Amino acid sequence: MKWITWMVLAVGVWGLVGGCKDKGQRGSSSEILIGEFASMTGATATFGQSSHEGLMLAVEQVNEKGGVLGKKVKVISEDNRSDANEAVTAVQKLISRDRVVAVIGEVASKRSLAGGGVCQQYKIPMLSPASTNPTVTQVGDYIFRICFTDDFQGGVCAKFAEKRGWKKVAIFTDVANDYSKGLTAGFKDGYQGTIVADESFREGDNDFKAQLTKIKATGPDAVFLPGYYTDVVKVVKQARQLELNVPFFGGDGWDSPTTLAAGAVMDGCFYTDHYSPDDPRPAVREFIAAYQKKYARTPDAMAILGYDAGMVMMDAIKRAGKSEPAAIRDALAATKGFPGASGTITIDEKRNARKPAFVLELKGGKTHIADTIEPG
Amino acid sequence: MKDDGSRSRGWSVPAWGVNCALVVLVAGMWPLDWVLVEQMDEYYLRVLILVGLNVILATSLNLINGITGQFSLGHAGFMAIGAYATGSLMKYFSPTGAGAEAALLALLIVGGLVAAVAGLLVGIPTLRLRGDYLAIATLGFGEIIYTLIVTTDRIGPFEIGSSSGLHAIPIRTSFFWAYAGAIVCVASIWRLSYSAKGLAFRAVREDEIAAAAMGIDTTYYKVLAFVIGAFFAGVAGGLYATYDGNLAPESFRFTKSIELVVMVVLGGSGSITGVVVAAAVLTYLPEQLRFFAEWRMVIYSLALILMMLLRPEGLLGGRELLRWRRVAAATTVGGDAVQSGR
Amino acid sequence: MDYLTQQLINGLSIGATYALIALGYTMVYGVLRLINFAHGEVYMMGAVVAYWIAIGIAPWGWPVWGALAVIFGGAMGACAVLGFAIEFFAYRPLRNKPRLVVLITAIGVSLLLQNLAQTRYVFGPTPEAFPAVIEAKTVVRWTMGGPDNVVTVSNLDLLSLGLSLGLMGVLAWVVLRTRQGLALRAVSYRFDTSSLMGINTNRTISFTFMLGSALAAVAGVVDAIRYDVRPLMGLMPGLKAFVAAVLGGIGSIPGAFVGGLVIGLIETLVKGYLSSAYSDAVAFVVLIVILLVRPSGILGRYEAEKL
């Protein structure tokens, strides 16, 4: 049994020896190192893997054209098992062990908040592809995002509901999801009509008929469903079975091949998005073609945001002229009119992206633009 | 340090000596903290601190599962209660300056006490339940706690944060606090476990009916185990809250409880040093497995199954690290030893 | 009235799949006194296998009944093999070890299956809608009171309830009328004695696992068709089905069935009349209350503690 003692001691010594502070200059390696933390496993693995794939595609494309500042870009990805505590550990490793010059991540706002704290502390710029909670970029001046904020998107939904003349709206929120709750809060702030029902579910739930039966009994004109695509189709299908035949509408979390593949059942539903898959802009067309070629799948919203996060970050490094965190931060803050696949991105003084929102209507597995709402 | 009831080994250290040694040890963490912050890589330091927190959690769970032979699958729930109590109060009061460290200590204890009350509430059903039933009931308790946190925005003036998590908690925990907590926890449970009371805990584990027949108040000891275990889990939660400054409800679900149970079983249920080693190894191992990316958890679970098949009694199998030759009194290590089919 | 009726139908429809999963828990517990934590993952694998079969046979354009038979049969067969393998490799070597050790192994198996399913080689992390083998449509529709007060029953509700009732009948026949079922009952009554009486206990245990896993697969396929397929789909239904098994009296086969339906109903009524935010917690509150008030469950028999 003595071997266990020795093994434990050996592992301990190994850990301590490997654990000395690395005081080397950041960004001096032969490659430009960008860190990424994402939920590659765990409850929200699907979002993490999508944004990871988008990012990898962006880096591959840039490296094929010779990289940035004459160097290849290398992404070091860390999984956080969909857990905020792990997210901090992952970011800490990226910054202090791997010596990355910038960090990309996370999809979920609570993990971006957790990881963002570390980035801010070490003054490493962090760009979140899809964290929509307004507080994320308030962590500090090194934290950026390229997506909408919850209050903006919730407000867009509210404006749209009023334009449509929906007087009575039922809300169906995912309570375990801060994105969904944020959108609901934004919607409630902006909406002038009556909210007849305020029901909730939890991501991963399968059966919504109980709540939908309840919503149906209140007779709404439309149902606001700020959820992710993983739940949305199931909700609408079950609503139709219960003959709750009013329009459903939601945010960019709907954007996915899954929603389109559902076909006719989603007819007459609306969602807000950064772009339309039918958008003729070359940035969109090229991205979709390249993504399908590499992964043999249609991209979802997370993939396109991951891709744009990579592109905006590498563009900022190029504009900074050197791979130093402070310079990259300044360049990121100065991003203006970047032609991203998810829209033309301008970073405002609060480090949030400003881009117009499209309201898309679903019909027969296709979308078409029902409305465009500019950031106010 | 008495051993587990058998004859003593010729030399022994008086109690005051042990106490002094402990105080010196805890005090020694202070300069060590300073050295580590100066010299150690931040990532490794973080892993080291997480090891400290997991040592507290696993050791306190060991009191319930390993030593008293109850089977709790809801330890993360106690941790969550402590974390949210300490975190929320810390955020509300935001102590600064000289009093901050004292306030941290006070709030850690408050967090522990709140968790202990929850432990009392969970401990009471254990009067009726045992074995697998208890496991599922405690698991249910953990899920109930999670649901409550996820749906609560604030309690009075204190923020809980619901599903968005609780953020911007003042960061106070350092290496010193984590390891002072770990030392106090391990020492307390060690001394409790190898005292006369410890024999009562073990008696409940070995055979509850026989223990009751010998005049041991089994109910009292079972509830006591839950309360003490919950207290330390709450303290660990509080340390965690003030270390990261962020709390997300998902961190305290079923998966975390399982992780802790695995530490206890892998270390050899009932063996305090074994569990400490297992907590350290199982915190460090997944970090080393990062290389495998999405296969990491597959490898982790495979390792777990193989470990159980090849060495079901755990690393140390109920023995303590520094006492190799003496097999502990337990004949059926691993708690509830009912074999398949009664 | 229409509201309550609709909610009752919703509840029975979910409860039916809980019941199918709960049967597996209760039978395994009956013979081994083991909570098979991996059972929820067997349910998930049933859905995954069915998904691949459905994708595979889609180009051939089979009639609905043929396709359904192949999908259900394939998933049941695959899960029976999986259940056998889990028992053979993970539980059998630990037959005489403390139950806690086996429970940890079960948790390990459950984690392994979950994480394997999350890799792209098995399924991938993204939930996928089931290929359109059978379209949801309303088969029963009646109005109560006014013209707006419609109550609907879909073909999927009927599929779920019908399969559940039918398989319950088949199971009752197997357990009560066949030699293998007799062996199963004997082993669950007295493990050691039945072995002395010449019953091959290992074979009986394997048989129990295969039977339970096949039932879980059916539940998995039903849920895959009406909801979707996802690697973590086994977690909550697995836990709730376990609660159902305990509620009905663990070890009791009719108990598991009744328990499943009751849990489905309670969950739906809580969502419908109280708050939907707490519905997952409610299952566990029920569990704790049952364990405190009547630990032997609705139909369970009380086992006196033996010294």
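This is a predicted model, so every value here is computed, not measured.

Caption draft 1: Expanded view of the interface of chain C and chain B. Residue-level contacts link 43 residues of chain C with 40 residues of chain B. Listing elements by their share of the side of chain C that touches chain B, those giving two or more residues are α4 (99-118), α7 (191-196), α9 (235-248) and α11 (279-293) of chain C. Broken down by element, the side of chain C that touches chain B gets its largest block of residues, 14 residues, from α4 of chain C. Tallied by class, residues from the side of chain C that touches chain B come to 29 nonpolar, six polar and eight charged.

Caption draft 2: Quick peek at the interface of chain B and chain A. Contacts between the two partners involve 29 residues from chain B and, on the opposite side, 37 residues from chain A. Take the side of chain B that touches chain A: its biggest share by element is four residues, from helix α2 (residues 42-67) of chain B. Classifying every residue of the side of chain B that touches chain A gives 12 nonpolar, nine polar and eight charged.

Caption draft 3: Local environment of the environment of Gly-268 of chain A. Residues and elements named next belong to chain A. Structurally, the position occupied by Gly-268 is in the loop between α9 (257-261) and β10 (270-273). For Gly-268, a count of 16 C-beta atoms within 10 Å corresponds to the partly exposed category. For the pair Gly-268 and Ala-58, spaced 210 residues apart in sequence, the C-alpha separation works out to 34 Å.

Caption draft 4: Summary view of the domain arrangement of chain A. All names here are of chain A. Taken domain by domain, chain A comprises domain 1 (12-148 + 281-341) and domain 2 (150-273 + 358-373). Distance between the C-alpha centres of domain 1 and domain 2: 30 Å. With 10 residues of domain 1 at the interface, the matching set in domain 2 holds 13 residues. Classifying every residue of the side of domain 1 that touches domain 2 gives three nonpolar, five polar and two charged.

Caption draft 5: Fine view of the sheet that holds strand β7 (residues 194-201) of chain A. Residues and elements named next belong to chain A. On the basis of which strands lie adjacent, the open sheet formed by seven strands has the order β7-β6-β8-β9-β10-β14-β15 and mixed pairing. The sheet terminates laterally at β7 and β15 (366-373), the two strands that pair on one side only. Across this sheet, the average inter-strand angle for adjacent strands is 25°, counted without regard to direction. Relative to strand β8 (residues 222-224), strand β6 (residues 168-174) runs parallel, the two sharing three bridges. Looking at the pairing, Ala-170 lines up with Val-223 of β8. Of the strands in this sheet, β6, β7 and β8 touch helix α6 (residues 178-190), which is tilted by about 160° from β6. In the packing of helix α7 (residues 209-217) onto the sheet, the strands contacted are β6, β7 and β8, and the crossing angle to β7 comes to about 175°.

So, how was this worked out
- Residues numbered from 1 in each chain as written.
- Chains lettered and ligands numbered in written order.
- Predicted model: local features only at pLDDT ≥ 70, side-chain atom pairs only at ≥ 80, totals over all residues.
- Contact = placed C-beta atoms within 7 Å.
- Helix = DSSP H or I, 4+ residues; strand = E, 2+ residues; numbered from the N terminus.
- Nonpolar A, V, L, I, M, F, W, Y, C, P; charged D, E, K, R; others polar.
- Buried ≥ 20, exposed ≤ 12 C-beta atoms within 10 Å, placed from the backbone.
- Domains from an automatic or database assignment.
- Pairing = 2+ DSSP bridges.
- Axes fitted to C-alpha atoms, helices over the stretch in contact; angles between N-to-C directions.

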